[in-house]
Amino acid sequence: MDKRVAVTVLVAAALAQVSCGSFGWKKVRSAQVSGFDWKNCGPPDVPAVLKTLTMSPDPIPIPGDLTASASGSTAVELSAPLSLNVTLEKEVAGFWVKVPCLDEVGSCHYQDACDILSQLIPPGQDCPEPLHTYGLPCHCPFKAGSYTLPQSDFYLPNVDLPYWLTNGDYRIQGVLGSQGKELGCLKVTLSIHSD
């Protein structure tokens with residue numbers, strides 16, 4: 001079989017797996033996230049950067065306990081609207097396949113990340129722990145400056161995931177922007193295995 005035909009068949013099969021009519025969400029009884037890695041991907045002068053991020057254990061159990069710490073900075077205020085372009089790729093038969101945006105999950109463009117934060121944590125409500133304890137914001141605007149989350153413990157509950165996101169190796173890139181300017185970029189790689 002011609003290599004181009006084989007690649008086309010593999011890509012078509014992967015996209016069918018991701019976008020076929022049987023798309024649905026499933027309650028994950030247990031999962032493990034392993035091989036988590038990250039890096040900044042913006043140009044050297046991008047104003048918002050993640051400086052450190054550590055998480056343990058590896059693999060991370062879901063449900064289960066997670067210990068994390070992070071630090072980052074922004075040279076400019078991050079205020080609405082903050083666009084967020086996410087590219088999600090899944091490895092299928094040795095090829096990286098871009099996952100389309102389905103039900104706001106996948107390779108999606110979000111017009112305002114600030115609005116998403118407000119939906120998750122309504123304005124006027126205290127930020128969840130441990131953000132509240134350390135005085136870290138969870139709503140826009142984020143003032144220019146440095147932010148640090150000391151080593152903190154979190155509990156990760158059971159989650160509902162799209163069925164196609166429950167097993168595999170993934171690459172995710174998020175690009176934050178405002179008024180046509182890139183403000184930050186982060187690449188993450190990880191593997192998910194679920195029951």
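Remember, it's a predicted structure, so these values are computed and weren't measured experimentally.

## Regarding the overall build of the chain
Then comes step 1: The number of helices and strands found in the chain is two helices and twelve strands.
Then comes step 2: Reading the secondary structure of the chain in the N-to-C direction produces α-β-β-β-β-β-β-β-β-α-β-β-β-β.
Then comes step 3: Sorting the 195 residues of the chain into buried and exposed places 34% on the buried side.
Then comes step 4: Of the contacts formed within the chain by residues at least 6 apart in sequence, a portion of 69% connects residues at least 24 apart.
Then comes step 5: Approximately 11,300 Å² of the chain is accessible, and the part contributed by carbon and sulfur atoms is 57%.

## Digging into the environment of Gly72
Then comes step 1: Inspection of the secondary structure puts Gly72 in strand E5 (residues 64-74).
Then comes step 2: In this structure the C-alpha to C-alpha distance between Gly72 and Gly145, which are 73 residues apart in sequence, comes to 8.6 Å.
Then comes step 3: Excluding residues within four positions of it along the chain, Gly72 makes contact with Val49, Leu50, Lys51, Gly145, Ser146 and Tyr147.

## Points about the nonpolar core
Then comes step 1: By size, the foremost hydrophobic cluster in this structure holds 17 residues, and its most contacted members are Val33, Leu88, Trp164, Leu165, Tyr170, Leu190 and Ile192.
Then comes step 2: Not counting residues up to four positions away in its chain, the partners in contact with Ile192 are Gln32, Val33, Leu165, Thr166, Asn167, Gly168 and Tyr170.
Then comes step 3: Counting eight residues, the second largest nonpolar core, distinct from the first, contains Leu78, Ala113, Cys114 and Phe142.

## As for the pattern of salt bridges
Then comes step 1: On inspection of all chains with the given rule, the structure shows one salt bridge.
Then comes step 2: Its salt-bridge partner being Arg171, residue Glu89 comes within 2.9 Å of it at the nearest N-O pair. Of this pair, Glu89 sits in strand E6 (residues 83-92) while Arg171 is found in strand E11 (residues 168-178), placing the two residues 82 residues apart along the sequence.

## Structural notes on the confidence of the model for the chain
Then comes step 1: With 86% of its residues at a pLDDT of 70 or more, the chain shows a mean pLDDT of 86.
Then comes step 2: Here residues 1-22 is modelled with pLDDT under 50, and outside its nearest four sequence neighbours on either side it reaches 24 contacts, counting other chains as well.

## Concerning the side chain of Ser69
Then comes step 1: Checked against the element boundaries, Ser69 lands in strand E5.
Then comes step 2: Separated by 2.6 Å, the side chains of Ser69 and Thr54 make a polar contact.
Then comes step 3: Each residue touching Ser69, except ones within four places of it in the same chain, is listed here: Thr52, Leu53, Thr54, Leu149, Pro150 and Gln151.

## What about unusual backbone geometry?
Then comes step 1: Here Ile62 and Pro63 are connected by a cis peptide whose omega angle stands at 0°.
Then comes step 2: Secondary-structure assignment places Pro63 in the loop between strand E4 (60-62) and E5.
Then comes step 3: Across the junction of Cys140 and Pro141, the peptide omega takes the value 0°, indicating a cis bond.
Then comes step 4: Its location among the elements puts Pro141 in the loop between helix H2 (113-120) and strand E9 (145-156).
Then comes step 5: Despite not being glycine, Asp103 shows a phi value in the positive range, around 50°.
Then comes step 6: Of note, Asp103 is situated in the loop between strand E7 (95-98) and strand E8 (109-110).

## A word on the sheet that holds E9
Then comes step 1: Across the sheet, three strands lie side by side as E3-E5-E9; this open sheet has antiparallel pairing. On the outer flanks of this sheet lie strand E3 (48-56) and E9, each paired with one strand and no other. Sheet twist, expressed as the average angle between the axes of neighbouring strands with direction ignored, equals 15°.
Then comes step 2: Bridge analysis of E5 against E9 gives ten bridges, and the strand direction is antiparallel. Counterpart to Ser71 in the pairing with E9 is Thr148.

## Some points on the state of the cysteines
Then comes step 1: As enumerated under the stated definition, the model contains four disulfides in all.
Then comes step 2: Paired by a disulfide, Cys41 and Cys185 hold their sulfur atoms 1.8 Å apart. Between Cys41 and Cys185, the S-S dihedral sits near -85°, and the bridge is therefore left-handed. Here Cys41, found in the loop between strand E2 (31-40) and E3, pairs with Cys185, found in strand E12 (residues 181-194); they are 144 residues apart in sequence, far enough to count as distant.
Then comes step 3: The residue that forms a disulfide with Cys101 is Cys108, at a sulfur-sulfur distance of 2.0 Å.

Rules behind the numbers
- Residues numbered from 1 in each chain as written.
- Predicted model: local features only at pLDDT ≥ 70, side-chain atom pairs only at ≥ 80, totals over all residues.
- Heavy atoms only, no water.
- Helix = DSSP H or I, 4+ residues; strand = E, 2+ residues; numbered from the N terminus.
- Buried < 20%, exposed > 50% of the residue type's maximum accessible area, 1.4 Å probe, protein only.
- Contact = heavy atoms within 4.5 Å.
- Areas by Shrake-Rupley, 256 points an atom, 1.4 Å probe, with all protein chains shown as cover.
- Core = buried A, V, L, I, M, F, W, Y, C linked by side-chain atoms within 4.5 Å.
- Salt bridge = Lys/Arg side-chain N within 4 Å of Asp/Glu carboxyl O.
- pLDDT = per-residue confidence, 0-100.
- Polar contact = N/O pair within 3.5 Å; in protein donor to acceptor, adjacent residues only side chain to side chain.
- Pairing = 2+ DSSP bridges.
- Axes fitted to C-alpha atoms, helices over the stretch in contact; angles between N-to-C directions.
- Disulfide = S-S within 2.5 Å.

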